Amino acid sequence: MTSKETARPLRVLQLTDPHLMASADGALLGVNTRDSLNAVIAEVLASHGQPDLILATGDLAQDGSEEAYCALGESFTAFNCASAWIAGNHDKVPSLKEVAARYGANRRHLVQGGWQFILLDSSVPGKVHGELAESELGFLVQMLEQNPDVPTLVTLHHHPVDIDTDWMADIGLKNREEFWQLIDRFPQVKIVLWGHIHQTFEQQRNGVHLLATPSTCIQFTSGSRKFSVDDLAPGYRWFELQASGDFTTEVCRARSFEFELDQNSTGY
Ligand SMILES: [Fe+2]
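Per chain, residue numbering runs from 1 following the sequence as it is written. Only residues with pLDDT of 70 or above have their local features reported here, since the model is predicted, and side-chain atom pairs are shown and tallied only from 80 upward, although totals for entire chains, interfaces and linings are computed over all residues. Where side-chain values are given, they derive from all heavy atoms of the structure, hydrogens and water being excluded.

A. Local environment of the sheet that holds strand 5 (residues 82-86). Two strands qualify as a pair provided that DSSP identifies no fewer than 2 bridges between them. A run of H or I in DSSP becomes a helix once it reaches four residues, and a run of E becomes a strand once it reaches two; helices and strands are each numbered from the N terminus. One open sheet holds the 5 strands; their spatial order is 5-4-1-14-15, and the pairing between them is mixed. In this open sheet, the two strands that pair with only one neighbour each are strand 5 and strand 15 (247-253). Averaged over all pairs of adjacent strands, the angle between their axes in this sheet comes to 20°, without regard to strand direction. Bridge count for strand 1 (residues 10-15) against strand 14 (residues 235-241) is 5 bridges, and the pairing is antiparallel. Fitting a line to C-alpha atoms yields each axis, with helices limited to the stretch in contact; the angle taken between N-to-C directions then spans 0 to 180 degrees.

Next up, the structure:
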């Protein structure tokens, strides 16, 4: 490897909440979720090119169907790199894992480009809120103890902090205090990343960057008291990670994707 290659940042793509369905016609609030995902992927390739790694951070399927997970795997064949899939509240973990394994995406830990990636399952069967089981918290500690000097991105589906969207207050991560007590012990954690909230979120907590990202289908209105959908275009998050631990990140949207949102919906 040349020095130029070693200096190149690792390019990581987050795609979240595609809410795919068994039927190719499957739509959420009037938006065909396969079409919107593919529009986002086209935008990624046009604006940023090929990533080195894809993190798919939950609500991959709206209906938990094998067909939906296969559709995700097929859409990701547009990329040349590996992906890692985690579950959200809409997913069915057994079928997600079974299909993810077929696509080499059933991963919960990677070290790549001088960074460590730890993927946690915060889904609770039958519930909208999230919780990290003792086994997940134990896994998090084990990986952080084994890699003390490696800049780390931790990702899960549910929001582990309060966000400015009241109706989502009770559907985030329930045992967030335990999570943060662990994170606070390990200064190599640079980023905590999630999906679920279908909107951009960027804050810092004790030097850790807290980041969330628009869905590849419908968006929730930031700052809303009651359930509300926003007519912003579907999007993605792009990272350029340096082995030093420095990084840049941005959210981009599929601006040319045309859709008509059902604004009268009271839920999703
Ligand atoms: Fe979602």
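B. Structural context of the pairing of strand 1. Residue burial is assigned from relative accessible area. The probe radius is 1.4 Å, only protein chains are included, and a residue is buried under 20% of its type maximum, exposed over 50%, and partly exposed in between. Most of strand 1 sits out of view: 6 of its 6 residues are buried. Burial of strand 1 is two-sided: the residues Leu10, Val12 and Gln14 facing one way and the residues Arg11, Leu13 and Leu15 facing the other way are all buried. Both strand 1 and strand 4 (residues 53-57) contribute to a ladder of 4 bridges, which runs parallel. Residue Leu15 lies in a different strand from strand 4, and its bridge partner there is Ala56.

C. How the structure looks around the packing of helix 3 (residues 66-75) against helix 4 (residues 93-102). As a packed pair, helix 3 and helix 4 sit with axes 9 Å apart at the nearest point and diverge in direction by 30°. Crossing geometry of helix 3 relative to helix 4 is assigned as right-handed. Here helix 3 contributes Glu66, Tyr69 and Cys70 to the contact with helix 4, which in turn contributes Ser95, Leu96, Glu98, Val99 and Arg102. A class-by-class count of the residues in the contact of helix 3 with helix 4 yields 4 nonpolar, 1 polar and 3 charged. By definition, any crossing whose near helix is turned counterclockwise from its far helix by less than a right angle is left-handed, and any crossing with a clockwise turn is right-handed. Every residue pair with non-hydrogen atoms within 4.5 Å of one another is taken to be in contact. Amino acids are sorted into nonpolar (Ala, Val, Leu, Ile, Met, Phe, Trp, Tyr, Cys and Pro), charged (Asp, Glu, Lys and Arg) and polar (every other residue, Gly among them).

D. Molecular detail of the environment of Cys70. Structurally, Cys70 can be placed in helix 3. A relative accessible area of 19% means that Cys70 is categorised as buried. Measuring from C-alpha to C-alpha, the distance between Cys70 and Arg102 comes to 9.1 Å, with 32 residues separating the pair along the chain. Beyond its immediate stretch of four places on either side in the chain, Cys70 contacts Val99, Arg102 and Tyr103.

E. Region of the structure containing the environment of Leu28. In this fold, Leu28 is placed in strand 2 (residues 27-28). Note on Leu28: relative accessible area 6%, which makes it buried. It is 9.9 Å that separates the C-alpha atoms of Leu28 and Pro18, two residues lying 10 residues apart in sequence. Beyond its immediate chain neighbours, meaning those up to four positions away, Leu28 contacts His19, Met21, Thr33, Gln62, Cys217 and Ile218.

F. Up close: the coordination of the iron ion. Only Asp17 (OD), His19 (NE2), Asp59 (OD) and His198 (NE2) from the protein coordinate the iron ion, and they sit 2.1 to 2.3 Å from it. For Na, K and Ca the donor cut-off is 3.2 Å, and for all other metals it is 2.8 Å, counting N, O and S atoms only; because water is absent from this set, sites may look incomplete. Only two sets of limits are used to name each site, 85 to 135 degrees for every angle of a tetrahedral four-donor site, and over 155 degrees for opposite donors with all other angles from 65 to 115 for a square planar four-donor or octahedral six-donor site, with any other site named irregular. For the iron ion, the 4 donor atoms are set out with angles of 90 to 177° between them, so the coordination reads as irregular. Each donor residue of the iron ion lies on one chain, and together they are spaced D-x1-H-x39-D-x138-H. One end of the pair, Asp17, is in the loop between strand 1 and strand 2; the other, Asp59, is in the loop between strand 4 and helix 3, and 42 residues separate them in sequence. The exposure classification of Asp17 matches that of Asp59, with both residues buried.

G. Local environment of the side chain of Ser36. Along the polypeptide, Ser36 turns up in helix 2 (residues 33-47). On the basis of relative accessibility, which here comes to 0%, the residue Ser36 falls in the buried class.

H. The arrangement of the sheet that holds strand 6 (residues 109-112) in detail. One open sheet holds the 6 strands; their spatial order is 6-7-8-9-11-10, and the pairing between them is mixed. The open sheet has two edge strands with one neighbour each: strand 6 and strand 10 (201-205). Across the sheet, the mean angle from the axis of one strand to that of its neighbour is 15°, orientation sign disregarded. The sheet contact formed by strand 10 and strand 11 (residues 208-212) spans 5 bridges and is antiparallel. Bridging from a neighbouring strand, Gln204 pairs with His209 of strand 11. With respect to the sheet, helix 5 (residues 134-146) is in contact with strand 6, strand 7 (115-119), strand 8 (152-155) and strand 9 (189-194), its orientation differing from that of strand 7 by roughly 170°. Of the strands in this sheet, strand 8, strand 9, strand 10 and strand 11 are in contact with helix 6 (residues 176-183), which crosses strand 9 at around 155°.

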